[in-house]
Each structure stands twice: as structure tokens, then as C-alpha cells.
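What the coordinates show
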2 protein chains.
Amino acid sequence: MTLDAETKAVETPEDHAEELRLWLRLLTCTNLIESEIRSRLRERFDVTLPRFDLMAQLDKAPDGMTLSDVSKRMMVSNGNVTGLVERLVESGHLDRRTSDTDRRVQVIRLTKLGRAEFRKMAGEHETWIADIFADLTERDVRELMRLLAKAKGSAQNAVQRRDA
Amino acid sequence: MTLDAETKAVETPEDHAEELRLWLRLLTCTNLIESEIRSRLRERFDVTLPRFDLMAQLDKAPDGMTLSDVSKRMMVSNGNVTGLVERLVESGHLDRRTSDTDRRVQVIRLTKLGRAEFRKMAGEHETWIADIFADLTERDVRELMRLLAKAKGSAQNAVQRRDA
DNA sequence: TGCAATTCTTTTATGCTTCAAGCAATTGGC
DNA sequence: GCCAATTGCTTGAAGCATAAAAGAATTGCA
């Protein structure tokens with residue numbers, strides 16, 4: 001069996017068609033769900049996904065966060081956060097102030113309005129997700145969690161290898 | 001057991017925390033891989049993922065495709081395709097002509113240059129994906145494929161229900 | 001103390017993405 | 001043959017996203 005596998009690996013340069021199909025399926029599945037969530041957020045609350053995600057971060061940080069913190073947590077660029085925050089301050093959902101101890105730092109937090117709206121959205125959002133995964137059994141969910149964790153680890157290793 | 005479950009369902013409005021965590025994991029996992037692929041495409045070939053995806057569609061259609069076809073296949077808006085195609089024609093990767101039988105229709109196909117470059121990129125791309133999923137066993141891949149298919153079906157059902 | 005390096009944020013240029021509105025060509029019913 | 005509806009594409013406005021450069025403030029070290 002081991003010999004066979006090795007022989008094959010030498011004969012045909014490599015067959016990675018399965019992995020490729022897995023990647024495509026992962027991507028389609030995620031995109032399908034993501035675009036459904038975007039639609040519902042837009043329709044129901046007239047809000048975009050990036051705005052929702054930013055508010056979700058801030059909801060977990062009652063004392064506020066710096067723009068850098070947000071940028072790291074959301075895994076998006078600094079410049080991106082600057083613009084996003086600007087629009088959310090504009091609409092009254094966020095409060096932004098310069099830190100007392102370091103004038104380079106901007107601290108943002110949810111306003112009362114922002115928090116109230118987010119909580120409302122988050123509640124519905126959770127039911128949408130449940131609805132979307134309704135056909136999966138508890139066991140399916142557990143297995144997916146496990147395999148996705150493994151896949152994520154594998155991807156992180158690949159990133160590491162390249163960065164090295 | 002059944003009674004218990006039902007009782008619980010009535011008492012606590014619902015607990016969908018697991019599904020929510022599954023969604024977040026699916027999203028992070030996909031984003032991690034996608035951004036790694038974007039980086040590599042950019043570094044190695046100075047090309048963006050949307051351009052690569054569009055060329056991938058055209059590589060499978062030697063006789064060309066209409067913009068609408070591309071738009072459906074890629075699941076993006078018409079206006080998006082218009083701009084994408086414009087830039088790829090500009091750079092010499094695509095050939096675009098008005099259909100003989102219907103002057104509304106634009107038919108695009110890869111140029112010789114476009115095809116050559118795409119083939120080169122596609123080859124490396126496949127090895128990147130294999131590298132990214134290297135820690136998964138064959139069995140893991142099969143299981144993930146199966147569960148993602150189920151998840152996709154579940155999501156499609158949810159979309160259907162909402163559209164209805 | 002002074003100044004170089006670092007850190008935090010913003011700005012700029014470019015590209016992707018959507019939706020909505022609009023234009024051009026074709027089709028279908030009368 | 002005519003005209004309304006449909007189809008295919010483009011345009012325009014707004015938002016999201018990045019990388020790179022630059023501007024401010026702080027830190028650390030000689």
C-alpha cells in the first residue's frame with residue numbers, strides 16, 4: 001500500500017484534483033451563506049456585513065478598542081478600518097475619541113444607539129444561521145467543527161512554511 | 001429524551017451558539033485560505049483572484065462565453081464583469097467581439113497570451129492548494145466534501161424558504 | 001537631553017463589488 | 001409590420017478592500 005502510493009506519486013507528477021475540488025466546495029459553500037447573510041442584513045436592517053462585524057467586535061469590548069485592535073481582530077487593513085469607523089461615527093453608532101494617555105491612539109466604542117441596534121441585529125442573525133444549518137445533525141456540526149479546525153491548522157502551517 | 005428536548009426548546013428560546021461557532025469557523029477558515037491564495041497570485045504572477053477566476057471560466061470554454069454566462073458562472077453582477085473584462089482586454093489576456101447573430105451580445109475568449117499565462121498559473125495554483133491541505137488525510141478530505149455538500153444543500157434550502 | 005526607531009493612524013491610488021438606472025437590440029403578440 | 005416587453009450590456013454612485021507612503025506621537029537608547 002505504501003509502495004503503491006509512493007510509486008504513483010512518482011509516476012504521475014501529482015494528483016491534487018481532490019484537494020482542488022474541496023477548496024472550490026468550501027469556497028462556494030461559504031460564499032453562498034455569506035451572500036445570504038448580506039442580503040438579510042441589508043433587507044432587514046439596511047446594514048452591511050463589515051459594519052455588522054465591526055459592531056460585533058465592539059459589543060464584546062465595553063471599554064472600547066483602538067483602531068489597531070479592531071484591525072487585528074477583523075483581519076483587515078488599518079486604512080480600511082479608518083473609513084469604516086468614519087461612516088459608523090457619522091451614522092451615530094460609534095463614539096470615537098483620542099486616548100488621554102497616547103495622542104496617536106483613537107479609542108472607539110458603541111454608542112447607546114449602536115449597542116441597541118447591534119443587539120437587535122445579533123439576535124436575528126443567530127436565528128438565520130440556525131436556519132441555514134437546519135439540515136445538519138448535531139453530529140454533523142461537531143464533525144464539521146473538528147475537520148475545519150484541522151483544515152485551518154493545515155492552512156496556517158502552509159502560511160508559516162511560506163513566510164519562513 | 002424527546003420530551004426533554006422539546007421541553008428545553010420551549011423553556012429556553014433556543015440555543016444556536018454551536019451553529020454560530022460553526023459559521024465563524026467556516027468563515028475564518030475560508031478567508032485564511034483565500035487571502036493566502038490572493039497573496040501568492042499577486043506575488044508570483046501579479047494577478048488578482050477575480051481575474052484568475054474569470055480566466056479559469058474561459059479556459060473551460062474554448063469557443064468563448066457571453067458576459068451573462070460569465071456573470072452567472074462566477075455568481076457576480078453584470079456590471080462587475082464588464083469592468084473586469086475591460087481590464088483584461090486592455091492587458092491583452094482577453095479577446096472581445098460582438099456576436100454576429102445578436103448585436104447585444106459580447107463574446108469573450110482567452111487570447112493566446114491569456115491562455116498560456118492562465119495554464120502556468122493554474123498549475124502552480126493546484127500545488128498551493130495541495131500544500132494548504134497537506135495535513136488532511138484522504139479520509140478527512142472525503143468527509144469534508146460530504147459534510148460541506150450537506151451544508152450547502154441546507155443553505156440552499158434556507159434561501160429557497162426565504163425567497164418563497 | 002536628543003534623536004533615531006517604532007507605533008498608530010490617515011491619505012492616496014487602484015481595484016473589486018453591488019444596485020439601480022439607462023441604452024440598445026431582439027422577441028413576441030397583435 | 002408595429003410596439004411593448006424582455007434581454008444583454010454599460011454607466012454611475014457608493015461602499016469595501018488593499019498596499020504604500022506619509023504624518024504625528026511616543027519610546028528607547030546613547
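Use the structure listed above.
Fair warning: this is a prediction, and the values are worked out from it, not measured in the lab.

With that settled, consider the protein's contact with DNA strand D. By nearness alone, 23 residues border DNA strand D, and S77 and R87 of chain A together with S68, R96 and R104 of chain B come closest of all. Of all atoms in DNA strand D that approach within 4 Å of the protein, 81% are sugar or phosphate atoms. R51 of chain A has a polar side-chain atom sitting 2.8 Å from a phosphate oxygen of DNA strand D. Only α3 (49-59) and α5 (78-90) of chain A together with α4 (67-74) and α5 (78-90) of chain B provide two or more residues apiece to the surface near DNA strand D. Its residues assigned to classes, the surface near DNA strand D shows six nonpolar, nine polar and eight charged.

The environment of DNA strand C is formed by 24 residues, the closest being S68, N78, R96 and R104 of chain A together with R87 of chain B. Backbone sugar and phosphate groups make up 79% of those atoms of DNA strand C lying within 4 Å of the protein. In this structure, R96 of chain A approaches DNA strand C through a side-chain N or O atom, which is 2.3 Å from a phosphate oxygen. Side-chain polar atom of T48 of chain B to a phosphate oxygen of DNA strand C: 3.0 Å apart, as the coordinates give it. Elements with a contribution of two residues or more to the surface near DNA strand C: α4 (67-74) and α5 of chain A together with α3 (49-59) and α5 of chain B. With four residues, α5 of chain B is the single largest residue contributor to the surface near DNA strand C.

What follows covers the sheet that holds strand β3 (residues 106-110) of chain A. Residue and element names in this part refer to chain A. The three strands lie next to each other as β1-β3-β2, forming an open sheet whose pairing is antiparallel. Each edge of the open sheet carries a strand with a single partner, namely β1 (65-66) and β2 (94-98). Looking at chain direction, β1 and β3 are connected through two bridges and run antiparallel. Paired with T66 across the two strands is V107, which belongs to β3. Packed on one face of the sheet, α3 meets β1, β2 and β3 and runs near 95° to β3. Packed onto the sheet, α5 meets β2 and β3 and runs at close to 115° relative to β2.

Right, let's get into the packing of aromatic side chains. All names here are of chain A. For the coordinates displayed, the defined rule picks out four aromatic pairs over all chains. For the ring pair F52 and F118, a centre distance of 5.4 Å and an interplane angle of 40° mean the geometry is tilted. Separated by 66 residues along the polypeptide, F52 in helix α3 and F118 in helix α6 (residues 112-132) bring together distant segments of the chain. With respect to burial, F52 and F118 carry one shared label: buried.

With phi around 55°, M75 of chain A is a residue other than glycine that occupies positive phi space. Using a relative accessible area of 57% as the deciding quantity, one classes M75 of chain A as exposed. One non-glycine residue, D46 of chain B, lies in the positive phi region at around 50°. Locating D46 of chain B in the fold gives a position in the loop between α2 (17-45) and α3.

So, about the side chain of S71 of chain A. All names here are of chain A. Within the secondary structure, S71 sits in helix α4. In this structure the side chain of S71 is engaged in a polar contact, spanning 3.0 Å, whose partner is the side chain of N78. Each residue touching S71, except ones within four places of it in the same chain, is listed here: V76, S77, N78 and V81.

Each strand in a sheet pairs with another by means of backbone hydrogen bonds, the pair being arranged parallel or else antiparallel. All names here are of chain B. Pairing within the open sheet is antiparallel, and its three strands lie in the order β1-β3-β2. Pairing within the sheet leaves two strands with one partner each, and these edge strands are β1 (65-66) and β2 (94-98). Across five bridges, the pairing between β2 and strand β3 (residues 106-110) is antiparallel. The residue of β3 that forms the bridge with L94 is L110. Contacting β1, β2 and β3, α3 crosses the sheet at an angle of about 95° to β3. Against the sheet, α5 contacts β2 and β3, and its axis sits at roughly 115° relative to β2.

Reading guide: rules and limits
- Residues numbered from 1 in each chain as written.
- Chains lettered and ligands numbered in written order.
- Predicted model: local features only at pLDDT ≥ 70, side-chain atom pairs only at ≥ 80, totals over all residues.
- Heavy atoms only, no water.
- Near = heavy atom within 4 Å.
- Polar contact = N/O pair within 3.5 Å; in protein donor to acceptor, adjacent residues only side chain to side chain.
- Helix = DSSP H or I, 4+ residues; strand = E, 2+ residues; numbered from the N terminus.
- Nonpolar A, V, L, I, M, F, W, Y, C, P; charged D, E, K, R; others polar.
- Pairing = 2+ DSSP bridges.
- Contact = heavy atoms within 4.5 Å.
- Axes fitted to C-alpha atoms, helices over the stretch in contact; angles between N-to-C directions.
- Phe/Tyr/Trp six-rings, centres within 6.5 Å; stacked < 30°, edge-to-face > 60°.
- Buried < 20%, exposed > 50% of the residue type's maximum accessible area, 1.4 Å probe, protein only.

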